[in-house]
Amino acid sequence: RLELTLRTFDDKVMTQIVAAIRRICAGIAQAAGLPEDRLPVVTLTPESVGVTSNDPALARRLSGRFIEWFGSERTQRTEPIMGSEDFSEFSRQGVPICMWWVGATDPVKIAESERTGVPVPSNHSATFAPVPEPTLKTCVTSMTAAVLELLSKP
C-alpha cells in the first residue's frame, strides 16, 4: 500500500499525473511478472480536493481594494503555492474564489529571516507564533474591505 499526496496548479496536470502513476504501477508490476488479476489498483480517496486557483478578475478587483485600504507597501502579490484546500470546491460549483494571505509574523523575525536565510515558521508549524495585534485587526479589516467591495456595483 502506497499513499501519496499530489498537488498541482492545474486540474489537467493532475489528471495526467494520476494517469502516469497508474501506468507506472502497472508497468512495474508487469515487469515483475505479476498476473493481470494481481496488478496494483490506484484509487483516489474521497478526501481528494481540486486545485485552489483564484479567479483572476476577482483577485484583481480585491487587490485594488486592498491597496486602497492598506497601501501598496503593505499589499503584495505572491507566487502560487501547492496548498491542499477544500475551498477549491466552491470554484468547482462555478463560484469565483479568491484566497488571500494576511501576515502574522513579527516583522523583526521576518527581517532576521531575510538576513539569515532561515525561513520563519509557517502556520502549520508547532513553532508558529503569530503576533495577535495587528494580525487580528488586519484580518477583520481585509475581510471588511472585501465584503464592501463585493457589495458595491462592479
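Description of the structure in this document. Note that the structure is a prediction, hence the values are computed from the model and not measured. (Residues numbered from 1 in each chain as written. Predicted model: local features only at pLDDT ≥ 70, side-chain atom pairs only at ≥ 80, totals over all residues. Heavy atoms only, no water.)

### A few points about the overall build of the chain
Link 1 in the chain: Of the regular secondary structure elements, the chain holds five helices and zero strands.
Link 2 in the chain: Start at the N end of the chain and walk to the C end: the helices and strands fall as α-α-α-α-α.
Link 3 in the chain: Over its C-alpha trace the chain gives a radius of gyration of 21 Å, far above what one expects of a compact globule, namely 15 Å for 154 residues.
Link 4 in the chain: If one aligns the C-alpha atoms of the chain with their principal axes, the spans along those axes are about 65 × 45 × 20 Å.
Link 5 in the chain: Looking at the chain as a whole, 17% of its 154 residues qualify as buried.
Link 6 in the chain: A fraction of 66% describes how many contacts in the chain between residues 6 or more apart in sequence connect residues 24 or more apart. (Helix = DSSP H or I, 4+ residues; strand = E, 2+ residues; numbered from the N terminus. Rg over C-alpha atoms; globule rule 2.2 N^0.38 Å. Buried < 20%, exposed > 50% of the residue type's maximum accessible area, 1.4 Å probe, protein only. Contact = heavy atoms within 4.5 Å.)

### Topic: the packing of helix H2 (residues 56-70) against helix H5 (residues 132-151)
Each packed pair of helices is defined by two parameters, the angle between the axes and the distance between the axes.
Link 1 in the chain: Running from amino to carboxyl end, H2 crosses H5 at an angle of 125 degrees, the nearest separation of the two axes being 10 Å. It follows from the interaxial angle that H2 and H5 lie oblique. As H2 packs across H5, the resulting crossing turns out to be right-handed. Of the residues in H5, those in contact with Leu58, Arg61, Leu62, Arg65, Phe66, Trp69 and Phe70 of H2 are Thr138, Thr141, Ser142, Thr144, Ala145, Ala146, Leu148, Glu149 and Leu150.
Link 2 in the chain: Its residues placed into classes, the contact of H2 with H5 shows nine nonpolar, four polar and three charged. (Axes fitted to C-alpha atoms, helices over the stretch in contact; angles between N-to-C directions. Parallel < 35°, antiparallel > 145°, perpendicular 65-115°, else oblique. Left-handed = near helix turned anticlockwise from the far one by under 90°. Nonpolar A, V, L, I, M, F, W, Y, C, P; charged D, E, K, R; others polar.)

### Section: the pattern of salt bridges
Link 1 in the chain: Tallied over the entire structure, the rule returns five salt bridges.
Link 2 in the chain: In this structure, Arg92 and Asp11 form a salt bridge, with 3.1 Å as the shortest nitrogen-oxygen distance. Taken together, the positions of Arg92 in helix H3 (residues 88-92) and Asp11 in helix H1 (residues 11-31) put the pair 81 residues apart, joining distant regions of the chain.
Link 3 in the chain: The closest approach of N and O atoms between Glu149 and Arg61, which form a salt bridge, is 2.7 Å. Here the residue Glu149 occupies a position in helix H5, and Arg61 occupies one in helix H2, the gap between them amounting to 88 residues. (Salt bridge = Lys/Arg side-chain N within 4 Å of Asp/Glu carboxyl O.)

### Concerning the nonpolar core
Soluble globular proteins: nonpolar side chains tend toward being buried together.
Link 1 in the chain: Leu58, Ala59, Leu62, Phe66, Phe70, Cys98, Ala145 and Ala146 together form the largest nonpolar core, which totals eight residues.
Link 2 in the chain: Of all the secondary structure elements, the ones that give two or more residues to this core are H2 and H5.
Link 3 in the chain: Broken down by element, the residue count for this core peaks at five residues, all from H2.
Link 4 in the chain: Setting aside its immediate chain neighbours within four residues, Leu58 contacts Pro96, Ile97, Cys98 and Leu150. (Core = buried A, V, L, I, M, F, W, Y, C linked by side-chain atoms within 4.5 Å.)

### Here's the deal with the layout of surface pockets
Link 1 in the chain: Approximately 1,000 Å³ is the volume found for the second largest pocket.
Link 2 in the chain: Lining the second largest pocket are 28 residues, and of these Leu4, Thr43, Leu44, Thr45 and Ser48 sit closest to its centre.
Link 3 in the chain: Sorting elements by how many residues they give to the lining of the second largest pocket places H1 first, with six residues.
Link 4 in the chain: Classifying every residue of the lining of the second largest pocket by side-chain character gives 13 nonpolar, nine polar and six charged. (1 Å grid on protein atoms, 1.4 Å probe; cavity = no way out; pocket = protein on both sides within 12 Å on 5 of 7 lines; lining within 4 Å. Points joined across faces, edges and corners; volume = space filled by probe spheres on them.)

### Quick word on H1
Link 1 in the chain: Between its terminal C-alpha atoms H1 stretches 30 Å, which fits the 30 Å expected from 21 residues at 1.5 Å a residue.
Link 2 in the chain: Where H1 is concerned, the buried positions are Met14, Val18, Ile21 and Ala29. Along H1, the residues classed as buried sweep out an arc of 55 degrees about the axis, all on the same side. Among the exposed residues of H1, those pointing more than 90 degrees away from its buried face are Lys12, Thr15, Gln16, Arg23, Ile24 and Ala31.
Link 3 in the chain: A distance of 2.7 Å separates the backbone nitrogen of Lys12 from a side-chain oxygen at the start of H1, and that oxygen is part of Asp10.
Link 4 in the chain: Directly beyond the C-terminal end of H1, a positive phi value near 90 degrees is found at Gly33. (Expected span 1.5 Å × (residues − 1). Arc of directions from axis to C-beta. Polar contact = N/O pair within 3.5 Å; in protein donor to acceptor, adjacent residues only side chain to side chain.)

As far as function goes, none of this settles anything; it's purely spatial.
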